[in-house]
Amino acid sequence: MSSKEQSAMASAGSSSSSTEISDSMLRRMAGQSVNKAGLKKDQSEINKIIAEASKGSKFYENEREKDEKLGIQIMKLLDKRDRLLKEGVDLRRLERECDTFIQRIESQRDLSQTIVHVDMDAFYANVELLADPTLEGIAFGVGTGVLTTASYEARAYGVRSGMPVFVAKKLCPHLRMVPATFNSYGEYSGKVMEVFRRFDPNMAKVGMDEAFLNLTTYIQEEREKDGTGQESENAMHKRRERIVRTIRETCKKVTGLTVSAGIAPNKMLAKICSDINKPNNQYILPFTRQAVLDFTRTLPIRKIPGIGRVSERCLEALGVITCGDIITKRAELHLLNYGVIELLKAGLGATSNVVEAGRREDRKSVGCERTFREKSKREELIAIVEDVAEELTETLQKLEYTGKTLSLKYKTHDFKLHTKSHTLQHGEYKTRDSIQTWALKALEESLPLKLRLLGLRVNQLRDLRKKGGLEQYFTNPSHSRKLHEDDEEAEGADFNNAIILDSDEDLEDSEAAETEQVERAINGSPFNDAITNAASSTAVPFASKQETETTHHPMISCPICSRTFPSSTTNQDLNAHIDVCLSKDTIQQLSSRRSSPILGSSESVSSTGEKSVGSKSANKRSRRDIPTNKEDEEDYDFLRPPTSRNHSTTSSSASVSPTVTSSGGSSNKKSKNVLMGTKEAPRNPFAFMKR
DNA sequence: GCGGATCAC
DNA sequence: TATGGTGATCCGC
Ligand SMILES: Nc1ccn([C@H]2C[C@H](O)[C@@H](COP(=O)(O)OP(=O)(O)OP(=O)(O)O)O2)c(=O)n1
Ligand SMILES: [Mg+2]
C-alpha cells in the first residue's frame, strides 16, 4: 500500500539522463507548466533546459535543499499515516465523519449567483504593446533580470512569469525584453476596473489585472427592463455568455486590452474557468450541481487557488492528484489533519460566492525591498537600509498610513531569507527616522552577513484617511472608502495635511507616548481626544470590522437541485425536500459518471413567481438548520477532535506532536503547511474562498 | 508578538 | 555570470 505512494513521492528518479536532476527538482524549477496549447517543445524537455541552465548556481542549490527537506517531511507524513493505520484507527468512522461534512457542504451549495472572474491577458506585456507596436506578434518579455510576464508568442517556448532572463533566452533565443513601466500598468488597471464596475459596482479587484464580479443583479435588472420573466436555464446560460462577451468587448474598446473570463456559480470555479480559454476568450460552467461535480472530479488540485507547489507534492504523496481524489481519500486526509473541510469544499466545487469591494483600511502592510549584488561591507549595507527606509517613508506618507510594526527582511548570498520585526507599544512608525533607527539597529545586531537583498515593511497599519477612533465601530460600512476611490497610481501626490508631527517614539527605545500627538494631528479637532485616546488604548483604530456574511442567497432555493420555493415555505418543508435530494447519496454521484438533467428544464422551473432578488435579506442563511449541529459556523470545530481522536486511539505513545521535533535550526520547519502539522491545527490556505 | 514558510500576481 | 517586488496568511512558538 505504501509502496505505491512511495514511488509517487520524492524523486523516484526516472530521469534517464546521466545527470541526476530529480523529477521533483525538474518540476520545482519549472514554474507553471502551461501544458495547454501549442508549445514548441515538449514540456519535459523545457523543464530539463530550465533546470540545466540553473544547475550549480546558489539559487539552484537553495532550491535543492528545500526540495530535499520537503521530501523528508513528506516521508514523515506517510509514516505517521501508516503508523496510525497500523494502530487500528477506524478509517470508516473518519469516512462517515467526512460524509457528514459533505452533507453539510452540499446543503449550503448555492447556484443562484452568477459570478464572473475577469483576467487581463498577458497584462504588462499587452500594455507595453500598446505603447510600442513593433512588439506586435513577436516573442518578448517584460522586466529586467526576471520576467514579470511574457507575450503569448514567447510562452510558446516555455517562457513564463518569474523566470530569469538568461533562462528564458535559452528557451527562446530571439526573445526581446522591454523594461517594466509600472505607472502605466496602474493607469490601465484603473480604466479596466472602471469598465468592470459598470456591470457590478461592488466588483472586487484582485491585483492589478483581475477582478470578481457578481452579475446577478445586473442580469436581473436587464431582464426587468426587457420585461422578460422567468427564463429557462438555457436562456439564462446564453444571457450570461452574452453579457460577459459585452464586458470583454467594452474593455477592449475602452482600453485596447484583451481580457478573458470565467463564468460560474462561485469564485473559485469562476477563477479556474477564466484560465481555460485564455487568451481573449471565455468559458462558462453550467449552473447545475452535476456539471460542477463533473468539472471538479478530474480537476488537478493544483488548479485550486492556494494549492501551490508544496501542497501539490504533499497531496500527491497521499495519492491526491485531482479534486475527485479528495473525495476518495477523504478519510486519510481527515486522519492526517489536513484541512479536509476546506479541501472538500474545493473538491465539491462549493466555495464562496460573496463578492465585495476591498476597502482601503483592509490593507495590512506596506513595504519596500531591494536586491543587489552581494555585499557585506557594513557601510554599504547601512546605506541601502537608509535608502530603503527613505523610500518606504515616502510611500507611507503618500498612501497615508502609519503602522505599529516594522520588519526588516534580508536574504543572504545563498538565498536564505530572514526577518526581524519590532512592534511599538505606544507610538507608530511614520517618520523616516523612527523607521531607520530601528532598522539599522536590527541590521547591525545581525551583522556579519553577506547579503543580496534588504527590505523593510510596516505592518499593523492605521488608515489616516479613515476617521480614527471609536467612531469606526459605529460608522456604516458603506461609508468606508472603496479601494478604488483613489489610492495608488494615477493621481498626483495629493499633499497630506499637516500631519507631519513627527512622533519618533522609538528613538531611544523610549517608546514615548506621543500617540496623543499623532492622533490629535490626525483628527484635527481636540473634541476627538476622548474618543481617540480610548480607542488607541484599546487598539480599536486598527480594528477592521467583521462582515460575518454567509453565502449570498437572495432567494430560497434547494441547495442541491436549485429548485426555488416561495419565501413562505417553512423550514420543515424545505428540509424535507433537501433530505430527498440528499438521499441520492452524494458520494455515489461523485464517482459515477451518471449523466444528468444537464441544462435541462427539470431544474429551476418552478419558480412560483418568487422573483425579487431584491428581497435579498429574506433568507440570509443558506443552510437552514441541518441535522444536529452546533451553532458554530466554524469549520475548525470539526477538525478539533482529530488530535484527541488520534491520541485517544493510541493513547499516550501517540506522541502528540512527534515527528517534527525540529532537527537543528530551522530545518524541519516544514511544519508550516498542513502536513507537517505535528499536531492538529489544519492549515487553511483558502482564505480566498472563505466566506 | 516573532520568525519561518507558502502562495498569488 | 546571472533568479524580482509587493502583499497576504498560516503555523508553532
Ligand atoms: N510572478 C509574477 C506574476 C505576475 N506578475 C504581474 C505581471 C502580469 O502581467 C500581471 C498579471 O499576472 P497574471 O498571472 O494574470 O499573468 P498575465 O496577465 O501576464 O497573463 P495571463 O493572465 O494571460 O496568463 O502581474 C508579476 O509581476 N510577477
Ligand atoms: Mg492576467
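You'll find the structure just up there.
Residues numbered from 1 in each chain as written. Chains lettered and ligands numbered in written order. Predicted model: local features only at pLDDT ≥ 70, side-chain atom pairs only at ≥ 80, totals over all residues. Heavy atoms only, no water.

A. Spatial organisation of the protein's contact with DNA strand B. Of all residues adjacent to DNA strand B, which total 23 residues, the nearest are Lys271, Ser311, Ser421, Thr423 and Gln460. The separation between a phosphate oxygen of DNA strand B and a polar side-chain atom of Thr423 is 2.8 Å. Only α14 (309-317) and β11 (417-423) provide two or more residues apiece to the surface near DNA strand B. Top element by residues in the surface near DNA strand B is β11. It accounts for six residues. (Near = heavy atom within 4 Å. Polar contact = N/O pair within 3.5 Å; in protein donor to acceptor, adjacent residues only side chain to side chain. Helix = DSSP H or I, 4+ residues; strand = E, 2+ residues; numbered from the N terminus.)

B. Looking closely at the sheet that holds strand β8 (residues 282-284). Ordered in space as β5-β6-β1-β7-β8, the five strands form an open sheet in which the pairing is mixed. With one partner strand each, in any of the chains shown, β5 (204-206) and β8 form the two edges of the open sheet. The sheet shows a mean angle of 15° between the axes of neighbouring strands, direction not considered. Here strand β7 (residues 259-264) pairs with β8 via three bridges, running parallel. Within β8, the residue paired with Ala261 across the bridge is Gln282. Packed on one face of the sheet, helix α9 (residues 182-199) meets β1 (115-120), β5, β6 (210-214) and β7 and runs near 10° to β6. (Pairing = 2+ DSSP bridges. Axes fitted to C-alpha atoms, helices over the stretch in contact; angles between N-to-C directions. Contact = heavy atoms within 4.5 Å.)

C. Spotlight on the site of ligand 1. Around ligand 1, the structure places 13 residues, and the nearest of them are Ala122, Thr149, Tyr152, Arg155 and Asp209. With respect to ligand 1, the side chain of Thr149 contributes an N or O atom lying 2.6 Å from an oxygen atom. In the complex, 67% of the free accessible area of ligand 1, which totals 550 Å², lies under the protein chains. Put simply, the parts of the chain that give the shell around ligand 1 at least two residues each are β1, α6 (123-131), β3 (146-150) and α7 (152-155). Split into classes, the residues belonging to the shell around ligand 1 amount to five nonpolar, three polar and five charged. (Areas by Shrake-Rupley, 256 points an atom, 1.4 Å probe, with all protein chains shown as cover. Nonpolar A, V, L, I, M, F, W, Y, C, P; charged D, E, K, R; others polar.)

D. Molecular detail of the pairing of β7. Where burial is concerned, most of β7 is hidden: six out of the six residues are buried. Neither face of β7 is exposed, since Val259, Ala261 and Ile263 on one face and Ser260, Gly262 and Ala264 on the opposite face are all buried. Note on the crossover from β7 through helix α12 (residues 267-276) to β8: the handedness is left-handed. (Buried < 20%, exposed > 50% of the residue type's maximum accessible area, 1.4 Å probe, protein only. Right-handed = clockwise from strand over helix to strand, strands pointing away.)

E. Here's a closer look at the nonpolar core. In terms of nonpolar packing, the biggest core is built from 44 residues, with Ile304, Leu315, Leu318, Ile326, Leu333 and Leu344 touching the most fellow members. Element by element, the count of residues in this core is highest for helix α17 (residues 340-348), at six residues. Both domains that furnish three or more residues to this core are identified here as domain 1 (3-88) and domain 2 (115-132 + 179-286). One finds Met120, Met193, Met236 and Cys251 within the second-largest nonpolar core, a separate group that totals 36 residues. (Core = buried A, V, L, I, M, F, W, Y, C linked by side-chain atoms within 4.5 Å. Domains from an automatic or database assignment.)

F. Inspection of the pattern of salt bridges at higher detail. Under the counting rule described, the total for this entry stands at 43 salt bridges. Residue Glu97 is joined to Arg93 by a salt bridge in which the shortest nitrogen-to-oxygen separation is 3.8 Å. You can see Glu97 and its partner Arg93 sitting in helix α5 (residues 91-108), four residues apart, about one turn around the helix. Via salt bridges that share partners, Glu222, Arg223, Asp226, Glu231, Arg239 and Arg242 belong to a single interconnected network. (Salt bridge = Lys/Arg side-chain N within 4 Å of Asp/Glu carboxyl O.)

G. Looking closely at helix α3 (residues 43-54). The end-to-end C-alpha distance of α3, which contains 12 residues, comes to 17 Å, matching closely the 16 Å that a straight helix rising 1.5 Å per residue would cover. Among the residues of α3, Gln43, Ile46, Asn47, Ile50, Ala51, Ala53 and Ser54 are the ones counted as buried. The arc that holds the buried residues of α3, viewed along the axis, is 160°, so those residues lie on one side. For α3, the elements touching its buried residues are α2 (23-29), α4 (58-86) and α8 (165-171). Positioned one or two residues after α3, Gly56 has a phi angle of 95°, which is positive. (Expected span 1.5 Å × (residues − 1). Arc of directions from axis to C-beta.)

H. The arrangement of the packing of helix α10 (residues 216-226) against helix α11 (residues 233-255) in detail. Close contact between α10 and α11 brings their axes to 11 Å; oriented N to C, the two are set at 110°. The angle between α10 and α11 places the two elements in the roughly perpendicular class. Contacts from Tyr218, Ile219, Glu222, Arg223 and Asp226 of α10 reach α11 at Met236, Arg239, Arg240, Arg242 and Ile243. Along the lines of polarity and charge, the residues of the contact of α10 with α11 split into four nonpolar, no polar and six charged. (Parallel < 35°, antiparallel > 145°, perpendicular 65-115°, else oblique.)

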